[in-house]
Amino acid sequence: MRDASQPIAGQDDRHDADPSETAEWRDALQSLVDNGGAGRAGYVLDNLLGHAASLGLRANSQTRTAYLNTIPADQEPPFPGNLAVEERIARINRWNALAMVVRANQAHGELGGHIASYASAADLFEVGFNHFFRAQSADGPGDLVYMQPHSAPGVYARAYLEGFLGEDDLAHFRQEITATARGLRGLSSYPHPWLMPDFWQFPTGSMGIGPINAIYQARFMRYLEHRSLVPGGDRKVWGIFGDGEMDEPESIAALTLAAREKLDNLVFVVNCNLQRLDGPVRGNGRIIDELETLYAGAGWNVIKLVWGSDWDALLRRDTGGALARAFANTVDGQFQTFAANDGAFNRAHFFNQNPELAALVADWTDEAIDRLHRGGHDMVKIHAAYHRAARHRGQPTVILAQTKKGFGMGSAGQGKMTTHQQKKLDDEALLAFRDRFALPISDADCLALKFYRPAEDSAELRHLQARRAALGGHIPRRRTQAPRLTPPAAEHWARFALAADGKEMSSTMAIVRMLTALLKDATVGARIVPIVADEARTFGMANLFRQIGIYSAQGQLYEPEDIGSVLYYREARDGQILEEGITEAGAISSWTAAGTSYSVNGLPMLPFYIYYSMFGFQRIGDLIWAAADQRTRGFLIGATSGRTTLGGEGLQHQDGSSHIMAAAVPNCRAYDPAYAFEVAVIVEHGMRRMLDEQRDEFFYLTVTNENLAQPDMPAGAGVRDGILRGMYLLRPAQGQAQVRLLGAGPMLREAEMAADRLRTRHGVDAEVWSVTSFSELARDGRESERARVLGLDAADGADWVRTCLGTSDAPVIAATDYVRAVPEQIRAWVPVPYRTLGTDGFGRSDTRAQLRDFFEVSADWIVLYALDSLGRQADADTLRQTLNARARQTPPWEL
């Protein structure tokens, strides 16, 4: 630790040629503050700095301020609640949260859970719950709160005091299956709306997802206001996160967006307990300083909440600035050591650095030093910070609140390197925790880890219920009250696809035309949210720029370069397109905000996020998984999809795996349509499921940029059902089929060409089946098989693969533009010999024809596998020579 007599870090140490003149300038500024107020002084100072810059002077200014509270003690508003009662409520919640985790791990050691994070954040939560976090009520839609995931036990503990959760609920923390079997509710490990759909609103358990989602949620609220879909108001988005979480790139990826859009409806509270999972967040530096520089530089209003009220007297006594210098020269690793030790240690190692510091506490006991609070444990200071943040205008606000990880856990965990992993406490530690917070719990109940809930007429519960009533009700609560919408039939917006008459177009072009028509529909048009990550022109969406505009909170302050063109770039305050720039993480966060609007805003919206398919599940799969957890409804459109349709782009742009990843998401309905009429049927079905039936699922469609002659939708009665269930017969054999060819997406056309060649060159009659979704077929097969094994009733035709293919013993060849694992999903239900072709391996840059030959999925390769399956080796040998098979010793997936 550095000598506290040294200059403050970052202080201008240039020689002062005239100290008296410098003192006069300081006195003048102080006088301005005293007489004109902080606002006036800040304005004058900014004016002077601007003038200095115009003179070419370099001010030694920094975004980093002293390691002190932003709000001086004399500017704190009066605390509006009963401080003593609220402190007791926080202590009770600390105990119940701790007891919940420790009980679970005493009974089942592998369950895990976290004590220390909530121990540090409890007061941050309590002030919010008691005074700021408004619930949905008749007075308004309420605030949105993104909860620090590791603090979930504390949120459950508060819901227990409220009466929403019972002792049985708390006793089944992280035991959801066990609880369900007993007819009880289990409590999920972290905030999971899928598992607790009436409680959690936002999943934040994969760290980094909460911050970026919160920013785009706040922006989407403004989007709805500016489009006049919801009334304006002072609704807030609060996010309580950890300082270690700020290391995640998603946590800081959209900070400038929030400032650029002036999202003063957004408040972050970063719990700076200085520790992440293994040790200090910044042992050799100060994370609060770093975050202040980051957020201030990005344009946020920064409020530092570093020290509690106990320090105010010392700071007033410290006329020489020794304390401020000591703070400035102490790094977080040392602050952690101070947190882990008692008052005597802190006197010896902090205050006894020099005589000035020692004199400040000369008349203090070690116990008094031990009780010095950090700012995040002082409800008065927290209230002052929240109060200012809630009233700040023109910028988002971040509160950097210093706390102690494991606060109150004493030698068992406070400030310890191992505190994040602390799941169990011994008897001595439990009794010490009880005594530390003066809890009215007997020794026996304490050691038995009994939950404590005061009587209904106690001061604590009466105050808690009164405060929540004043704020509109209890949170977190998730509601799904939203009107049903009846979407229009496909005949009204996709007639061109249903009766295409051979017109050439790509499936990407088809879905954009459908989207354009749907935007004009009286029922759903205003609810559609087109989202792109800077590829609208690539996907042929430029016509929408002028038609519906690109959303911009500022409107358009410039004349676009292409103003004279029909498709000029038009930004508008009421624009409908969310053009997010090159940020797939941001675009999917907007999609999640729009797709959960039915719950968050009581207003169903229908987002279409269109993107390069390679940059979806592979790049942002964790955010898509969180969207699934949050019960998002909408369409993900993986454009320019597949490994061979995006010819020249090469390895990093060619998607061969997204359908495998999509198949792993339980409420994702993934389709790989080949023709425009298939796209229309799927979109119509998806809209009906999500808007009318209000099912918590989303649809993933892959579309390509390959222009094909589009056929009319076949007239068969079962075609529509087959498209939705995963496959249908597109081309029957002329007689008895000798082989069945399954084609998916762009490989359907190859399968059709293969059928023609088999018939004309080899006299083999083949059926062609269009497979729109291998994952839906596999899901169907698994459900049917499970029903059979368990002796359950199953509907006729439940196993759709067997229903379609079970009438013949002809072999089956399946081809896809994705890895072989995609068609392999249905092997268990194909009742005959089954061969799969796919594009395993890294992509390449070349023409489509060359790529399909390289990956061995073209029509000729389908023919070869068909001939080999039929035992037609002479014909197969001839084709092998044509394909130069002997030169292909190494398979494409190893090249």
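Details of the structure are given in the entry above.
Residues numbered from 1 in each chain as written. Predicted model: local features only at pLDDT ≥ 70, side-chain atom pairs only at ≥ 80, totals over all residues. Heavy atoms only, no water.

**Structural notes on the sheet that holds strand β2 (residues 237-242)**
For step 1, the next point in the chain: The strand order across the open sheet built from 5 strands is β1-β2-β3-β5-β4, with neighbouring strands paired in parallel fashion. Lying at the two open borders of the sheet, with one neighbouring strand each, are β1 (144-146) and β4 (301-305). In this sheet, neighbouring strand axes are inclined to one another by 15 degrees on average, regardless of whether the strands run parallel or antiparallel.
For step 2, the next point in the chain: As paired strands, strand β3 (residues 266-272) and strand β5 (residues 397-402) are joined by 6 bridges and run parallel to one another. Along β5, the bridge assignment pairs V269 with I399.
For step 3, the next point in the chain: Here helix α10 (residues 287-298) sits on the sheet and contacts β3, β4 and β5; the angle it forms with β4, its principal contact strand, is near 165 degrees. (Pairing = 2+ DSSP bridges. Helix = DSSP H or I, 4+ residues; strand = E, 2+ residues; numbered from the N terminus. Axes fitted to C-alpha atoms, helices over the stretch in contact; angles between N-to-C directions. Contact = heavy atoms within 4.5 Å.)

**Examining the side chain of N273**
For step 1, the next point in the chain: Examined against the element boundaries, N273 turns out to sit in the loop between β3 and α10.
For step 2, the next point in the chain: For N273, the residues in contact, after removing those within four places along its chain, are S120, D243, T403, K404 and K405.

**Considering the pairing of strand β7 (residues 528-532)**
For step 1, the next point in the chain: Counting buried positions along β7 gives 5 out of 5 residues, so the element sits mostly inside the fold.
For step 2, the next point in the chain: Where burial is concerned, the two faces of β7 agree: the one with I528, P530 and V532 and the one with V529 and I531 are both buried.
For step 3, the next point in the chain: Summarising the sheet, β7 and strand β11 (residues 606-612) pair through 5 bridges and their orientation is parallel. Counted as the bridge partner of I531 is Y609 from β11. (Buried < 20%, exposed > 50% of the residue type's maximum accessible area, 1.4 Å probe, protein only.)

**With respect to the nonpolar core**
Across soluble globular proteins, nonpolar side chains have a tendency to be buried as a group.
For step 1, the next point in the chain: The biggest cluster of nonpolar side chains holds 88 residues, and the ones touching the most others in it are I215, L266, Y295, W300, Y609 and L636.
For step 2, the next point in the chain: Ranked by residues supplied to this core, first place goes to helix α7 (residues 209-226) with 10 residues.
For step 3, the next point in the chain: For L266, the contacting residues outside a window of four places in its chain are A214, I215, A218, V237, A258, W300, P396 and T397.
For step 4, the next point in the chain: Membership of the second largest hydrophobic core comes to 87 residues, among which are F545, F699, V857 and A876. (Core = buried A, V, L, I, M, F, W, Y, C linked by side-chain atoms within 4.5 Å.)

**Overview of the sheet that holds strand β13 (residues 668-671)**
For step 1, the next point in the chain: Spatial strand order, β10-β7-β11-β12-β14-β13: 6 strands in an open sheet with parallel pairing. The outermost strands of the open sheet, each flanked by one partner alone, are β10 (578-579) and β13.
For step 2, the next point in the chain: The sheet contacts of helix α23 (residues 507-518) involve β7, β11, β12 (635-639) and β14 (698-702), and relative to β7 the element is tilted by about 145 degrees.

**A word on the environment of D756**
For step 1, the next point in the chain: Positionally, D756 belongs in helix α31 (residues 747-762).
For step 2, the next point in the chain: Placed 107 residues apart in sequence, D756 and V863 show a C-alpha to C-alpha distance of 9.7 Å.

**Re the packing of helix α3 (residues 116-131) against helix α17 (residues 379-391)**
For step 1, the next point in the chain: At a closest axis distance of 9 Å, the pairing of α3 and α17 adopts a crossing angle of 60 degrees. Between α3 and α17, the angle is such that the two are oblique. Along this stretch, α3 crosses α17, giving a crossing that reads as right-handed. In this structure, α3 contributes D123, L124, E126, V127, G128 and H131 to the contact, and α17 contributes M379, I382, H383 and Y386.
For step 2, the next point in the chain: Residue composition of the contact of α3 with α17, by class: 5 nonpolar, 3 polar and 2 charged. (Parallel < 35°, antiparallel > 145°, perpendicular 65-115°, else oblique. Left-handed = near helix turned anticlockwise from the far one by under 90°. Nonpolar A, V, L, I, M, F, W, Y, C, P; charged D, E, K, R; others polar.)

**Notes on the packing of aromatic side chains**
For step 1, the next point in the chain: A full pass over the atoms with the stated rule returns 46 aromatic pairs.
For step 2, the next point in the chain: Their ring planes at 50 degrees and their centres at 4.9 Å tell us that W307 and W311 sit as a pair that is tilted. Like W311, W307 is buried.
For step 3, the next point in the chain: Summarising the aromatic geometry, the rings of Y671 and F699 are spaced 6.3 Å apart at their centres and angled 5 degrees between planes, so their arrangement reads as stacked. Pair noted here: Y671 is in strand β13 and F699 is in strand β14, with a separation of 28 residues, a long-range link. Both residues of the pair, Y671 and F699, count as buried.
For step 4, the next point in the chain: By the ring-pair criterion, three or more aromatic residues cluster together here, those being Y67, W307, W311, F327, F335, F338, F345, F350 and F351.
For step 5, the next point in the chain: Directly above the aromatic system of F164 lies the positively charged group of R477, at a separation of 3.8 Å from the ring centroid.
For step 6, the next point in the chain: For R633, the ring lying beneath its charged end belongs to Y598, and the centroid distance is 3.5 Å. (Phe/Tyr/Trp six-rings, centres within 6.5 Å; stacked < 30°, edge-to-face > 60°. Lys NZ or Arg CZ within 6 Å of the ring centre and 35° of its normal.)

**Observations regarding α17**
For step 1, the next point in the chain: The end-to-end C-alpha distance of α17, which contains 13 residues, comes to 18 Å, matching closely the 18 Å that a straight helix rising 1.5 Å per residue would cover.
For step 2, the next point in the chain: Burial within α17 is extensive, with 10 of its 13 residues counted as buried.
For step 3, the next point in the chain: Among the residues of α17, those classed as buried are M379, V380, K381, I382, H383, A384, A385, Y386, A389 and A390. (Expected span 1.5 Å × (residues − 1).)

**Some points on a nonpolar patch on the surface**
For step 1, the next point in the chain: Residues W25, L29, V33, L45, L48 and L49 make up a contiguous nonpolar surface patch of about 540 Å² in total accessible area.
For step 2, the next point in the chain: By the element assignment, L45 lies in helix α1 (residues 19-54). (Patch = residues over 30% accessible without salt bridge, like charges linked within 9 Å, V, L, I, M, F, W, Y side chains within 5 Å. Areas by Shrake-Rupley, 256 points an atom, 1.4 Å probe, with all protein chains shown as cover. Salt bridge = Lys/Arg side-chain N within 4 Å of Asp/Glu carboxyl O.)

**Let's talk about the side chain of E776**
For step 1, the next point in the chain: For E776, the position within the fold is in helix α32 (residues 774-789).
For step 2, the next point in the chain: Of the residues examined, E776 reaches a relative accessible area of 12% and is grouped as buried.
For step 3, the next point in the chain: Excluding residues that lie within four positions of it along the chain, E776 makes contacts with C668, R669, A670, Y671 and R725.

**Some details on a negative patch on the surface**
For step 1, the next point in the chain: Taken together, D16, D18, E21, E24 and D27 make up a surface patch of like negative charges.
For step 2, the next point in the chain: Relative to the helices and strands, E21 is located in helix α1.
For step 3, the next point in the chain: Its relative accessible area of 41% is what places E21 among the partly exposed residues. (Lys, Arg positive; Asp, Glu negative; His and termini not counted. Charge placed at Lys NZ, Arg CZ, Asp CG, Glu CD.)

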